[in-house]
Amino acid sequence: MKALSYGHQDINQNDIQAVIEVLESDYLTQGPKVEEFEDVLCALMGAKYCVAVSNGTAALHIAVAALGVEKGMEGITSPITFVASANCMLYNEITPIFADINSKSYNIDPTDVSHKLTPDTRLVIPVHMAGQPADMKAIAMIARKNNLHVIEDAAHAIGSQYADGSYVGNCEYSDMTTFSFHPVKTITTGEGGAITTNSETLYRKLLLLRSHGITNDERVLSSNPGPWYYEMHELGFNYRMSDMQAALGISQMSRLIEFKNRRRDIVSYYNSAFAGISWLTPPWEAENLSSCFHLYIIQIDFQAIKRSRKEVMSYLSAKRVGTQVHYIPVNQLPYYSELNTDKTPNAESYYDQCLSIPLYPGMRNSDVDKVIKAIISLDK
Ligand SMILES: *Cc1c(COP(=O)(O)O)cnc(C)c1O
């Protein structure tokens with residue numbers, strides 16, 4: 001029997017048909033489907049502008065670039081994230097500083113953000129870990145007081161809602177929000193990403209940076225000798241999304257709420273099965289937030305069950321239950337540990353105990369039962 005992995009894409013016949021239709025049309029690379037996908041994302045989130053790009057890392061790269069922060073300055077992010085949340089600063093010659101996480105939400109702790117501020121801090125990149133929105137009100141307050149930019153890394157959080165019910169990506173608390181549509185994320189375009197913003201200035205910069213810094217927009221050309229003419233205004237990249245990817249994205253977006261409901265159903269099923277187990281901590285969700293649950297992360301007291309994490313992973317794998325660790329603290333990775341001495345004790349103790357177990361909409365109830373049975377048997 002096929003093993004259950006910690007996450008998996010969900011592609012149906014409509015998704016496949018949407019891509020085939022593009023293959024039979026005139027546009028393969030960026031064309032009308034990309035704009036339509038951007039409009040669908042804006043409509044869900046209530047953001048004014050959206051720029052779809054080739055992946056989530058590209059989204060973060062040009063989001064930071066669009067801010068125009070002076071080289072050598074600092075930006076703060078969480079150590080419990082994928083490396084891209086910090087790498088995007090290094091691409092722009094900004095030094096990443098790591099603030100500790102809150103041990104309950106696994107999100108960046110605003111108090112430690114305040115502690116890590118220096119006169120050189122210009123930017124904060126909170127990550128909505130596993131789908132749960134970070135404490136954006138507190139972060140926005142710190143940003144306002146200290147004149148900082150804010151980019152939300154919402155790679156895990158498409159479909160998640162803040163306390164007032166509005167969707168992550170509305171940029172009420174930030175300059176920009178970035179997304180990833182890698183197959184393991186909540187909706188997929190194969191590879192893909194997007195940035196939302198309410199600032200027209202940032203939007204225009206992002207459009208330039210996505211495509212070589214080149215424009216033929218008459219409003220910004222310095223002269224206009226004829227129809228062939230274009231100018232390059234920024235050192236941009238080729239970070240375009242293709243129409244094939246965008247068509248898949250549009251189709252997947254029509255299934256987002258269905259995905260979210262199924263994910264949340266599985267989460268509550270897991271939560272009740274794991275309640276009261278002394279050596280296991282299920283994920284915590286703040287009462288007023290609505291996470292789309294990209295991951296189901298449990299914390300295990302490995303000493304109590306007398307098995308190491310490595311032993312647990314191979315025991316579960318033998319029972320066809322795939323698991324993964326999200327994440328090794330970024331500031332402990334060799335490339336960063338040489339640059340960085342930030343203390344993040346909560347992130348370290350979280351890392352010692354965390355394990356992601358299977359969660360994706362295509363899981364059958366019998367799959368969920370199988371995972372529960374295997375996990376519960378760990379202390380036998
Ligand atoms: C997946 C991910 C990214 C990067 O997205 P890609 O599309 O894989 O480039 C960035 N940040 C976080 C938190 C992610 O999980």
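Refer to the structure above for everything that follows.
Residue positions are given per chain, counting from 1 as you read along its sequence in written order. The predicted origin of the model limits local features to residues at a pLDDT of at least 70 and limits the giving and counting of side-chain atom pairs to 80 or more, whereas totals for whole chains, interfaces and linings rest on all residues. As a convention, hydrogens and water are excluded, and side-chain values are obtained from all of the structure's heavy atoms.

Engineer: When you look at the packing of aromatic side chains in this model, what are you seeing that I'm missing?
Structural biologist: One pair of aromatic rings is described through two measures. These are the centre distance and the angle between the planes. Ring pairs are drawn from Phe, Tyr and Trp, using the six-membered ring of Trp, whenever the two centres fall within 6.5 Å, and their geometry is named by plane angle: stacked under 30 degrees, edge-to-face over 60, tilted for the rest. Summed over all chains, the structure comprises ten aromatic pairs. With centroids separated by 4.6 Å and ring planes inclined at 50 degrees, the aromatic side chains of tyrosine 106 and tyrosine 350 adopt a geometry described as tilted. Linking tyrosine 106 in the loop between β3 (95-98) and α5 (110-115) with tyrosine 350 in helix α12 (residues 345-353), this pair joins segments that are 244 residues apart in sequence. Plain terms: the ring middles of tyrosine 270 and tyrosine 296 are 4.7 Å apart, the flat faces sit at 50 degrees to each other, and that makes the pair tilted. Here tyrosine 270 is found in helix α9 (residues 256-274), whereas its partner tyrosine 296 is found in strand β11 (residues 296-300), with 26 residues between them in sequence. Like tyrosine 270, the residue tyrosine 296 is buried in the burial classification. Aromatic rings pair up to connect Phe98, Tyr335 and Tyr336 into one cluster. Only Lys NZ and Arg CZ are tested; either one counts as a charge over a ring when it is within 6 Å of the ring centre and within 35 degrees of the ring normal. Here the guanidinium or amino end of arginine 307 rests over the ring plane of tyrosine 315, the centre of that ring lying 4.3 Å away. Counting from the N terminus, the helices are the DSSP runs of H or I reaching at least four residues and the strands are the DSSP runs of E reaching at least two. Buried, partly exposed and exposed residues are distinguished by accessible area as a fraction of the type maximum, computed with a 1.4 Å probe on protein chains only: under 20%, between the cut-offs, and over 50%, respectively.

Engineer: Explanation requested: the pattern of salt bridges in the structure shown.
Structural biologist: Oppositely charged side chains are able to pair whenever their charged atoms sit close together. Any carboxyl oxygen of Asp or Glu within 4 Å of a side-chain nitrogen of Lys or Arg constitutes a salt bridge here. What the rule picks out here adds up to 13 salt bridges. With its nearest N and O atoms 3.3 Å apart, the salt bridge here joins lysine 33 to glutamate 36. With lysine 33 and glutamate 36 both in helix α2 (residues 32-45) and three residues apart, the pair spans about one turn of that helix. Lysine 33 sits in the partly exposed class, given a relative accessible area of 29%. On the accessibility criterion, glutamate 36 (35% relative accessible area) is partly exposed. Through salt bridges with shared partners, one network takes in Asp10, Asp15, Arg255 and Glu258.

Engineer: Please explain the environment of isoleucine 298 as it appears in this structure.
Structural biologist: Residue placement: isoleucine 298 occurs in strand β11. For isoleucine 298 and leucine 280, which are 18 residues apart along the polypeptide, the C-alpha to C-alpha distance reads 6.7 Å. Leaving out residues up to four positions away in the same chain, isoleucine 298 has contacts with Leu280, Thr281, Pro282, Gln353, Cys354, Leu355, Ile357 and Ile375. The criterion used for residue contact is that any of the two residues' heavy atoms lie within 4.5 Å.

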